[in-house]
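Chain by chain, the residues run as shown.
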Amino acid sequence: MDKQDLSLEQQVWQRVRARREDSRGNDLRQLQREAMELATIYGNLSSRMTGRVQEGIRQLYAGERANAAALAGIGILSGSGGESLKRWQPGKEDPRKQLLRCYHRTRRCMTEYLARSAEPEYGLVFEKLAKREGEHCVLLAEILGAMG
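Reading the values: the criteria
Residues numbered from 1 in each chain as written. Predicted model: local features only at pLDDT ≥ 70, side-chain atom pairs only at ≥ 80, totals over all residues. Heavy atoms only, no water. Helix = DSSP H or I, 4+ residues; strand = E, 2+ residues; numbered from the N terminus. Buried < 20%, exposed > 50% of the residue type's maximum accessible area, 1.4 Å probe, protein only. Contact = heavy atoms within 4.5 Å. Core = buried A, V, L, I, M, F, W, Y, C linked by side-chain atoms within 4.5 Å. Axes fitted to C-alpha atoms, helices over the stretch in contact; angles between N-to-C directions. Parallel < 35°, antiparallel > 145°, perpendicular 65-115°, else oblique. Left-handed = near helix turned anticlockwise from the far one by under 90°. Expected span 1.5 Å × (residues − 1).

Thoughts on the environment of Glu93
If you trace the backbone, Glu93 turns up in the loop between helix 2 (51–78) and helix 3 (95–116). Overall, the relative accessible area of 29% leaves Glu93 in the partly exposed class. Those residues within four positions of Glu93 in sequence are excluded, and the remaining contacts are Arg48, Gln98 and Arg101.

Okay, here's the thing in structure tokens:
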């Protein structure tokens, strides 16, 4: 292989790697956005609930804020993000319907975190995030059961 072919091959691989890193950064921001949206829903719902349900929702809120912070940290460490995201406002639908949707969103996030737990650099962080999301699924089921 001559120098020109080798140079061309290196340029192609640099573009491929750059696209892959951009894709990872966008995926990471999407996960961070999802965590922030869940936190916003829980923050809004906590003021509308009382007793044990309110306490459970506050735990969910704190957990999703922690998830969003960890994802932002991964973005900073990897050089693919870390910037703040736009504020989002949830609708005013029935709290039970919101929590049902949150359960399914949380389960999807847990699956995504589990898939990323094999990554060599940040796998341990994703493993912890997946575990937290699993605990959130249990807590959401308990809250929904308590609401009747």
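Here's the deal with the nonpolar core
In this structure, Tyr42, Ile57, Leu99 and Ile143 are the most contacted members of the largest nonpolar core, which totals 14 residues. Mapped by element, the contributors of at least two residues to this core are helix 1 (3–46), helix 2, helix 3 and helix 4 (123–147). Listed in part, the 12 residues of the second largest apolar core include Leu28, Ala68, Ile74 and Tyr113.

Examining the packing of helix 2 against helix 4
Put simply, helix 2 and helix 4 touch, their axes get as near as 10 Å, and they point 160 degrees apart. The angle between the axes of helix 2 and helix 4 places the two elements in the roughly antiparallel class. For helix 2 against helix 4, the interelement crossing comes out left-handed. Within the contact between the two elements, helix 2 uses Val53, Gly56, Ile57, Gln59, Leu60, Gly63, Glu64, Ala66, Asn67, Ala70, Leu71 and Ile74 and helix 4 uses Val125, Phe126, Leu129, Arg132, Glu133, His136, Leu139, Leu140, Ile143, Ala146 and Met147.

Concerning helix 4
Counted at 1.5 Å a residue, the expected span for helix 4 with its 25 residues is 36 Å, and the 36 Å between its end C-alpha atoms agrees. Among all positions in helix 4, only Gly123, Phe126, Leu129, Ala130, Glu133, Gly134, His136, Cys137, Leu139, Leu140, Ile143 and Leu144 are buried. A positive backbone phi angle near 85 degrees is found at Gly148, which sits one or two residues after helix 4.

Structural notes on helix 2
For helix 2, which comprises 28 residues, the first-to-last C-alpha distance of 41 Å matches the rise-based estimate of 40 Å (1.5 Å per residue) to within 8%. Gly79, located one to two residues past helix 2, shows a positive phi value of around 75 degrees.

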